[in-house]
Amino acid sequence: MSLTLTAMTDSTVTGGQQQRSGSGQMSRPSRGPYISVITNRTTNLVIRGTMLFSVGVFLALVLNLLQVQRNVTLFPPDVISSIFSSAWWVPPCCGTASAMIGLLYPCIDSRLGEPHKFKREWSSVMRCVAVFVGINHASAKVDFANNVQLSLTLAALSIGLWWTFDRSRSGFGLGIGIALLATLATQLLVYNGVFQYTSPDFLYIRSWLPCIFFAGVITMGNIGRQLALYEYKVVQEKTHQD
Amino acid sequence: MTLRERLREKISAAFYHHGLLCASYPVPIILFTSASILTCCYPLLRLPLPGTGPVEFTTGVRDYTVPSHEPQGDLGERPDWYRGPPVAYIQQVLVKAAVSPWDSSLVPVDVFRSPLGRVFSLLEEIRNHVHSDSTGVRSLEALCLQVTDLLPGLRRMQSVLPEHGCLLVSPGNYWQNQRELFDSDPDPLKTIQKHEPKGLHTSATLRDLLFGVPGKHTGVSHYNRKRVVTYTITVVLVSYDTRFLGSLRSRLKQLHPSANCSLRDDHMVHVHFKEEIGIAELIPLVTTYIILFAYIYFSTRKIDMVKSKWGLALAAVVTVLSSLLMSVGLCTLFGLTPTLNGGEIFPYLVVVIGLENVLVLTKSVVSTPVDLEVKLRIAQGLSNESWSIMKNMATELCIILIGYFTLVPAIQEFCLFAVVGLVSDFFLQMFFFTTVLSIDIRRMELADLNRRLPAEAGLPPPKPGPLRPREAPPPPRPSPHTITLQTPAFRNLRLPKRLRVVYFLARTRLAQRIIMVGTVIWIGILVYTDPAGLRTYLAAQVSEQSPLGDSGGGGLPPHLGVAPVFHAGDPTSTLSVLPAPEPTPLPENQSQGHHGSAGAGPRPQVPPAVPQITWGAEDEEGWRRLSFRHWPSLFSYYNITLAKRYISILPVIPVTLHLSPQEAIETRHPQDTRHPPPPIPKVSADLQTDLTLYKVAALGLAAGVLLVLLLFCLYRVLCPRNYGQNGVAHGRRRRGDLPCDDYGYSPPVSEISPLLLRGHSMDIECLASDGMLLASCCLAGQIRVWDAQTGDCLTVIPNHGLRRSSSSGCWEQRDGWDSVGGATEPECLGSDYLLRRRSVPARPTLFTDQPDLTPLIDTNFTCQPPSHLATPPRGGFDFGGLVERAYLEHESPSLGDAPTLPAQDRASTAGTQATADWDSSVWAMELRGNLIAAGRSSGKLELWDAVEGSLRCSNEDGVSGITALAFLNNRIVAARLNGSLDFFTVEINKPLGLLQYRGAPGRGSMPPSPCYSSEDVISCQLTRSVQCAHQKPITVLRAAAGRVVTGSQDHTVRVYRLEDSCCLFTLQGHSGGITAIYIDQTMVLASGGQDGAICLWDVLTGSRVSHVYGHRGDVTSLVCTTSCVISSGLDDLICIWDRSTGIKLYSIQQEVGCGASLGVISESLLVTGGQGCVSFWDLNFGDLLQTVYLGQSSDGQGVRQLLVLDNAAIVCDFGSELSLVYVPSVLEKLD
C-alpha cells in the first residue's frame, strides 16, 4: 500500500520533470499529462477515493484475519480461505467507508477553514497506521480480565492515537460520530440476522467495536488528509504560477 | 523567572555542554557506547534463539513418572518445558513383513499385498488387547486419545482418518480398517496414491501419516527390490500405563517374534514443539513489518544536508534497534523473562520509540550557521532542541506509564519494554547518534575544504605577475582545452541514487559475494541438518567422548547418533564386507547382498531367495526420519495444537511377519496377475540414481545456459550502447581526454559539430540575438548580422572612421605597435608592460576570464608622447570604473589587484583616446526585431537596421559612455559610465499606420517585438534620465517583465519600472559590488556580488528571499531555471542551488579558468563555456554530458560569451569567430 503510494508520488515528480525538461525554456512549462490529471479536481478525487478504498479493503482483510486468529487455535492447511471467511461484503464495505471518511476529512477541514497542520508527513501517517494495527492486535491477542477492562484500555489507546496524530476538534467529533453510527449499524445488522459474529463471546465484540471504529476513522482521516495535501500543493503551485 | 524557564535554561545548558563533549571526543564516546550496548545485550545470549525445530529430551522408561507442573529447582538438564503431562504418548508398532521364501512365480504385487493385509489382524489384536490385573481391567479404549471431528476443511480425509474414537492410524485406514475392502481392492497402490496431494507436497503427507515411516522406506511399490514392507501402527495414548503397554508389547512379541531384533526399549523421547507461525498469522505480521519499513523509509528520507544520508539513516536505525535490544537485555537481566512474542511486538515498539528525535536533532544541527566550528554547531543544535526533546520524552513516558496501569499483564510487559527502550534510546541518541552526527558534519566540512583547495592551488603566491600560468603548465594534462574533471575526491557529482547503488554493487561485486556466502551457508546448513550428516556424527562424537554419556535419564542416549553414520543400508560398505552373493539366475537376486545387515547378526542359514528382515538401529527411532511436522500435522487435523507443548514417544514394538508364498498367492486379487509385468529396469538402482543424477545435471546445465543466453539477449536489448568502450567510431572524441567519471562510465558520445561563423577580423566583443537574427560586433567595430538558423551572414555594418581597414592591416598595426612600444618605451613601462605585451599573443589560461582590454587601447597609441603615459590624467573620467565596466561586461571580473594595475595604466590612456576619438567603439549592443541598438563609448546610441545595414537613427544626448543596454518592447534603457540611467523610447511612424508583430517562434517568454519596415521613420527620444541612479558605476543591467534591474559597484541593486522609469526598490544586502543579475518573466530576481554571495529577491515586494554564500570571490554569472539557481564564480565552481529553499544542491568544480559563461538550454541542461569548448551538463545529477570542441586549434581561446537561442542552439564567441552549436542529440537523450 505504502509502496504504491510512494511509487505514485515518485512517478508524479519524475513525470513532471520529464515534461518540463522536454518543453525547453518556455517560461511557463506546460505540465505533463499526469500532473494535469492530478490537477483535474474530479479525477484527483477519484484517484484518492480509489487509493483509500484499496487501503480500507486491505486493512479490513488483514484485521479480520487477526480477529479470526483469536477464535481458532490452529488452522487447517488451507488457511487462505479463512481470510475470506467472513461475509464477502464486509471488506468492500470497509473500503467504501474508509474512502468516504478519507475524503470527508480534508473536505471538512477546508469547510471549517482550519487546515490541518499537525504533523503532516508520511512518516507520521505510517506511524498512525502502525498504531492502529497495534490496537487491533492488542484487542485480538491480549487476554483481558473482563470486557470493561478491554473497553477502557481500548478507549484509552484510541484517544491516545487521536491525541498523538490528530489533535483536531473536527477529527475527534467526526470520529466519535462515525464510530457511534457504525456501531449502531452493526448492531442493527446483527439483530436482523444479516450478519453474525463468529466470536463465541458476544459481549467481547461489542466492547471493542466502537473503539476500533474510532481509531479506524482517525487513521483513515489521517491518510485522506495526507493524500489531499498533494492536490493542495499542486493547486497552490498552479495559482502561484497564474 | 519562572520555574519552567529556569528548568529550560538548565536543560539547554546541559545539552550544550553535552554536545561539546560529544563532538570533542567522538571515538572514545562511540567506543563507550558500543561497549555499553554489548554489555546490555549480553543477557540476550541466554534467550533461546528463534526457530521452529522441535526440541527433544530423553528419559528412561522404567522410572518414568509424569512430570509435575511446578518447576522443580535443580533437576539439572531437565528443560523448562518438561512440565506437566504431555499432550499424548505415541506408541508405534513397527511392522516389517516379507513373503519368504520368494518364488519366481510371484508377481510384484505380492510384495506388499499380503503383508499389508496382515495389518488388519494386527489391528484387531491391538484393539482387543485387554490387560487385567489386581487394579482392574484396562483396554485401549480407556487409554487412547479420543478424538472428535476432523476440522471442517478436511472433509476429503474423513474416509481415511479416524473420527469419534481412538486416534489409531495405520495403513489399514485406507480401507476403513476393513479386510474385505482391502481384499476387493484391485489396486492398493492406486488407493494409496489417490490420497496424495497433487503437486508439490512439503512435509507430512497422508501416506507418511498412515504408514508412519517415510514413503520410500515403506517398500510398498512395484519396484521394491528388498521385498520387505515396513509400516507402523501408531497408537496415540492419552495416559501412560506401564502395565498395559508392557502386556501389549509382550503379547505382540509373542505372536510375532522378531528373532534378530535387539532394539532397545528403555528410552522414551519427549519432543517439544515450538510455536509455528502459520500463514494466517504471517499476513498481519508481514503487514506490520511493511508498515514499519514504510515508516522508517519516510522518516529517514527527511535526513538532509549531511555528508552521507545513508550513513545517518543507518545510524538512526541502529540507534532504535540497539535500544530495543538493550531494553530486552536489561529486562532479562533483572529477572523478567519475556513472554510476548518478540517478533510480533517488535514493530510496535519501534513505532512507539520512533525516529523523530533523531531527525529533529539532525535538522537542528544542520540548520546552525555553517561558519561555526563543528563542536559549537553540534552543541547549539542540541541545545536548541533540548526542551522539545525533553518534553516529548516526558509525554511519552507518561503515556506509557498510563498504559502500565491498565493492569493487563501483556500490556504491562509491553510498557515495561517500551519504557526501558525509551530511556536507552535517549541514552543512545545522546551519545551514539550525536557523535556520529558530529563525525558526519566534520566530514562534510573537510570535503568542502578539499573542494576549495584546487582553486586556491591554482594561484601559487610566490611568483609575481601574470607570467605564472605560462611558466608552469600542469604537465600531465593531456590536452589543454579539455574540461578535465577534478579527481574524484574533489568532485561532488550527484548521481541518481539507483545508479549509485548499482555502481556500488558493481564496484564491490557485492551481489556475487552475497550469493556466494549465501550458498556456502546454505550448503553448510544442508550438511549440518542432513539426518545422516554432520550433526549426528558430531553428536555421536560428543556422546562418545562425554564421560557421562548415559548417566541417569537426562543424558543423550549413546546409541542415538551412532546409527546413521554407519548406515545399515549403505550398499557399498556392506558389499565389501559380506561374502560375495551366490550366483543366481534371477536378476532380482543381485540385490540380495544389499540388505545384508550391519545391525544385529544375520541369520546364518538364509535361503538365497529369502527377503531378509533385519532390524537395525535406525528402526529404533524410525520417527526421526519423518518430517518434524509429522506429529503437529497429525494432531492439527483434530484441532489440537502442539505449539509450546510436548509429546512423549514410547519405544517402538517391533513385529516381524514372515508370510509364505502360498499365503501371498491366496490373498491375491484376481486383477493382480493381469497387471503387465512391471517394466523393471534391468539396470541396478545405483545406475538408476546415477541416471537421474545425470539427467538433473544435464537439465540444470541446459537451464543455466539458457538463462545466460536470455540475460545476454536482455542486456543487448536494454543496453544497445557500448558503455565504457570509447568507440572506434568516434574518432574525434578521442582527441581529448574522454571525461570518465570515477565509475568508469563515460557518457554516450554523439557527434555535435559546431557551425563556425567566420567573418570578423578581430575578437568578438558584443553578441546579441533575438532568436531569429544574431548580431555580433568585434573589436574592429564591425557589426555583422547572421541568420541564427543557418549561420549565413546577412549584413555587414562596417565601422566608419579610422578603423575601417582590413583585418590583416589591423593586426599588422597592432603588431607594429607592440614592437614599437616594446622598443621605444621600456624604461617608462618597466617590466609590467613587458609582461603585458608577452601575454597578449597567446592568451594564458589563467587570464581567459579577464576581459580583453584591447578595445580600450587605442591603436594610435604610438603617436602619443610617452610622458603622457607616465602621468595619466585622472581628472575627467573614472578610469577605475571604466576598467570595471570592461571587466564586468565580459562577465569575468579581475582576479586581483596585481594584474589589474598595469592594465589600468593602459586603460587610462586608452580611455582618453577613446573619448577623443570621434567615432568610438561599440560597448553595448542589443537586437530586437530588425533593430540593432548599439551603445558607443562616446555616449551615442545608434539604431541600425539589421537587414539593410543602414543607420536609422541616433541619439547623442549623453556624453558618458554607454556601458550596458536593455531593449524591451519599444524602450531602450542605457546605463552610462557615470552611473546614470537613461530611458529612451523608440517611436515608429509608420506610413501605413500598421505595426506588424512578429512573434518569436517557439518562445513564450519573448515579448513580441515590433517589426520595423524600411519605410518607417524611426526616432529615438530620451524620455527620462536618472542622473544619479547609483553612486558608483552601473555594472549590470537586466530587463524583463516590465522591470529594469541595475546592479552597481555601490553594493546595491535597484529595480525600476520600465513604463515610467520610476525606481521601485533599492535592494541592499550585498557586501560587495554587484557582478551578476538574473531576472526573468516570473519576476524572480537573483543577484550575485563580489562578496561571493547570491541573493534571491521577490521583485513584487522587494524582500530578500534568501541569501547564501557560495563562492570564494566574485560571482561571475547567474542563471535560473524553474527549480534551481546556477551560479559560477571566480573560484571556478559552478554551484546549483535550490530556488525555493536556497539550499545548495551540489557544485561542480571545474578546471581553473573555465566556466565564466553559463547558459540553460532546458530545465535540465546546462551549458558552460570553457577553453575552446563548451560543455553540456545534466542539471539533475551534475553529470557532464558532453564537451564540444569549437575549433581544431588547441590554443586556449576561451569562450566568454554564450547565448542560448530558442531552437536549442547556443552561440558563443570563439576568438574572432562565432560558433553556433546545435544540441538536438542531447535533448533527445534527455527525453
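Residues numbered from 1 in each chain as written. Chains lettered and ligands numbered in written order. Predicted model: local features only at pLDDT ≥ 70, side-chain atom pairs only at ≥ 80, totals over all residues. Heavy atoms only, no water.

Identification of chain B as Sterol regulatory element-binding protein cleavage-activating protein from Myripristis murdjan is taken from an unreviewed UniProt entry. As stated in UniProt under Sequence similarities (unreviewed entry), the record for chain B gives "Belongs to the WD repeat SCAP family." (UniProt positions renumbered as here; feature names shortened; annotations may be inferred.)

Per an unreviewed UniProt entry, the recorded name for chain A is Insulin-induced gene protein, and the organism is Myripristis murdjan. The record in UniProt for chain A states the following under Function (unreviewed entry): "Mediates feedback control of cholesterol synthesis." What UniProt states about chain A under its Sequence similarities (unreviewed entry) heading is, verbatim, "Belongs to the INSIG family."

Let's shift gears to the overall build of chain B. A count of helices and strands for chain B gives 31 helices and 45 strands. Going through the 1231 residues of chain B one by one, you find that 50% of them count as buried. Relative to all contacts within chain B whose residues are 6 or more apart in sequence, the contacts with residues 24 or more apart total 64%. Per element, the accessible surface of chain B, about 56500 Å² overall, is 60% carbon and sulfur. (Helix = DSSP H or I, 4+ residues; strand = E, 2+ residues; numbered from the N terminus. Buried < 20%, exposed > 50% of the residue type's maximum accessible area, 1.4 Å probe, protein only. Contact = heavy atoms within 4.5 Å. Areas by Shrake-Rupley, 256 points an atom, 1.4 Å probe, with all protein chains shown as cover.)

All names here are of chain B. The UniProt record marks residues 20-45, 277-298, 310-336, 348-372, 393-411, 510-528 and 696-715 with the feature "transmembrane region" (unreviewed entry), using the residue numbering of this structure. With 68% helix and 0% strand, residues 348-372 has its two end C-alpha atoms placed 39 Å apart. Secondary structure content for residues 393-411 is 79% helix and 0% strand, and the end C-alpha separation is 20 Å.

What follows covers the pattern of salt bridges. With the rule as written, the count across this model stands at 13 salt bridges over all chains. In this structure, the salt-bridge partner of Glu396(B) is Arg127(A), at a minimum N-O distance of 3.7 Å. One end of the pair, Glu396(B), is in helix 14 (residues 374-404); the other, Arg127(A), is in helix 6 (residues 122-141), on a second chain. Residue Arg127(A) is classed as buried on the basis of its relative accessible area of 8%. The network of salt bridges with common partners includes Asp133(B), Arg138(B), Asp241(B) and Arg243(B). (Salt bridge = Lys/Arg side-chain N within 4 Å of Asp/Glu carboxyl O.)

Right, let's get into the pairing of strand 21 (residues 962-968) of chain B. All names here are of chain B. Along strand 21, seven of the seven residues are buried, which leaves the element largely enclosed by surrounding structure. The pairing of strand 21 with strand 22 (residues 971-976) spans six bridges and is classified as antiparallel. Within the sheet, the bridge partner assigned to Leu 968 lies in strand 22 and is Arg 971. Hairpin connection of strand 21 to strand 22: two residues between the antiparallel strands, including Asn 969 at a positive phi of 50 degrees. (Pairing = 2+ DSSP bridges.)

It is worth spelling out the packing of aromatic side chains at this point. Here the structure, examined in full by the defined rule, presents 19 aromatic pairs over all chains. Note on Trp122(A) and Phe298(B): the rings are 5.8 Å apart at their centroids and 25 degrees apart in plane angle, and the pair reads as stacked. A residue pair is termed interchain when its members come from two chains, as with Trp122(A) in helix 6 and Phe298(B) in helix 10 (residues 279-300). Judged by centre distance (5.6 Å) and plane angle (75 degrees), the ring pair of Phe172(A) and Phe214(A) falls under edge-to-face. With Phe172(A) in helix 8 (residues 169-191) and Phe214(A) in helix 9 (residues 202-241), this pair connects stretches of sequence that are 42 residues apart. A connected cluster of aromatic rings, assembled from ring pairs, spans Phe120(B), Tyr174(B), Trp175(B), Phe182(B) and Phe211(B). Here the basic side chain of Arg113(B) rests over the ring of Phe182(B), its NZ or CZ set 5.4 Å away from the ring centre. The side chain of Arg207(B) reaches across the aromatic face of Phe211(B), ending 5.9 Å from its centre. (Phe/Tyr/Trp six-rings, centres within 6.5 Å; stacked < 30°, edge-to-face > 60°. Lys NZ or Arg CZ within 6 Å of the ring centre and 35° of its normal.)

Residues and elements named next belong to chain B. In the Ramachandran plot, Asn 177 falls in the positive-phi region, its phi being about 60 degrees despite a non-glycine side chain. With respect to the element layout, Asn 177 can be found in the loop between strand 7 (168-169) and helix 5 (179-183). Look at Asn 177 and you get partly exposed, because its relative accessible area is 27%.

Turning to the sheet that holds strand 42 (residues 1183-1189) of chain B, a few remarks are in order. Residues and elements named next belong to chain B. The sheet built from four strands is open, its strands ordered 39-40-41-42 with antiparallel pairing. The strands lining the two open edges of the sheet, one partner per strand, are strand 39 (1158-1162) and strand 42. The mean angle between the axes of side-by-side strands here comes to 25 degrees, regardless of whether they run parallel or antiparallel. Where strand 41 (residues 1173-1178) and strand 42 come together, six bridges link them in antiparallel fashion. Following the sheet pairing, Val 1174 is matched in strand 42 by Val 1188. (Axes fitted to C-alpha atoms, helices over the stretch in contact; angles between N-to-C directions.)

Moving on, we get to the packing of helix 6 of chain A against helix 7 (residues 147-165) of chain A. All names here are of chain A. Running from amino to carboxyl end, helix 6 crosses helix 7 at an angle of 180 degrees, the nearest separation of the two axes being 11 Å. With respect to their mutual orientation, helix 6 and helix 7 come out roughly antiparallel. Side by side, helix 6 and helix 7 meet where Ser 124, Arg 127, Cys 128, Val 131, Phe 132, Ile 135 and Ser 139 of the first sit next to Leu 154, Leu 157, Ser 158, Leu 161 and Phe 165 of the second. (Parallel < 35°, antiparallel > 145°, perpendicular 65-115°, else oblique.)

Residue and element names in this part refer to chain B. Under the criterion given, the structure shown has one disulfide over all chains. With a sulfur-sulfur separation of 1.7 Å, Cys 144 is cross-linked through a disulfide to Cys 166. Where Cys 144 bonds to Cys 166 through sulfur, the torsion about that S-S bond is close to -85 degrees, and the disulfide is left-handed. Of this pair, Cys 144 sits in the loop between helix 4 (140-143) and strand 5 (146-147) while Cys 166 sits in strand 6 (residues 165-166); the two residues are 22 residues apart in sequence, bridging distant segments of the chain. On the accessibility criterion, Cys 144 (3% relative accessible area) is buried. Given a relative accessible area of 7%, Cys 166 falls into the buried group. Unpaired in this structure, Cys 1120 has its nearest cysteine sulfur neighbour in Cys 1124, at a distance of 8.2 Å. (Disulfide = S-S within 2.5 Å.)

All right, on to the UniProt feature "transmembrane region" (unreviewed entry) in chain A then. Per the UniProt record, the feature "transmembrane region" (unreviewed entry) sits at residues 45-66, 86-105, 148-165, 172-191 and 203-223 of chain A. As a span, residues 45-66 of chain A carries 100% helix and 0% strand, and end to end its C-alpha atoms are 31 Å apart.

Turning next to helix 13 (residues 356-366) of chain B. With eight of 11 residues buried, helix 13 of chain B lies mostly within the body of the structure. By the burial criterion, the buried members of helix 13 of chain B are Asn357(B), Val358(B), Leu359(B), Leu361(B), Thr362(B), Ser364(B), Val365(B) and Val366(B).

What follows deals with the side chain of Thr153(A). Tracing the backbone shows Thr153(A) in helix 7. Given a relative accessible area of 5%, Thr153(A) falls into the buried group. With residues near it in sequence (within four places) discarded, Thr153(A) still touches Phe144(A), Thr406(B), Val408(B) and Ile411(B).

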